[in-house]
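Residue-level structure breakdown
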Amino acid sequence: MPIAPSLKGGLKVGEDLSATRAHEVLLHCAMDAACVPPSLREAGATTRIAELDYQTVAMVIAWLRAANSRNF
């Protein structure tokens, strides 16, 4: 499966992801599912959100899902 170029640098086969990196992957997947265009994916903002605790990241993902469900 294709991986966003911005995420490739920290992914290594056989190694666990840090919590921040895992959050970043989850956020990128949620943005893909919500059809957020790459031009709106401010890397710095995504990284800062990914540094937050899991509950906060999960809420942001829930908001993306809710916004996406209203578009269909």
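In short, a report on the structure. The model shown is predicted, which means the values in this text are computed figures rather than measured ones. (Residues numbered from 1 in each chain as written. Predicted model: local features only at pLDDT ≥ 70, side-chain atom pairs only at ≥ 80, totals over all residues. Heavy atoms only, no water.)

Summed over the entire model, instances satisfying the criterion amount to 2 salt bridges. Put simply, Glu-24 and Arg-21 hold a salt bridge, and the shortest N to O gap is 2.9 Å. Here Arg-21 and Glu-24 lie together in helix H2 (residues 19-33), a separation of 3 residues that amounts to about one turn. Of the two residues examined, Glu-24 and Arg-21, each falls in the buried class. Among the salt bridges present, the one from Glu-51 reaches Arg-48, with a minimum N-O distance of 3.6 Å. (Salt bridge = Lys/Arg side-chain N within 4 Å of Asp/Glu carboxyl O. Helix = DSSP H or I, 4+ residues; strand = E, 2+ residues; numbered from the N terminus. Buried < 20%, exposed > 50% of the residue type's maximum accessible area, 1.4 Å probe, protein only.)

With 15 residues, H2 should cover 21 Å at 1.5 Å per step; its first-to-last C-alpha distance of 21 Å lies within 8% of that length. Taken as a whole, H2 has its buried residues at Arg-21, His-23, Glu-24, Leu-27, His-28, Ala-30 and Met-31. Looking one or two places after H2, you find Cys-35, whose phi comes out positive at around 60°. (Expected span 1.5 Å × (residues − 1).)

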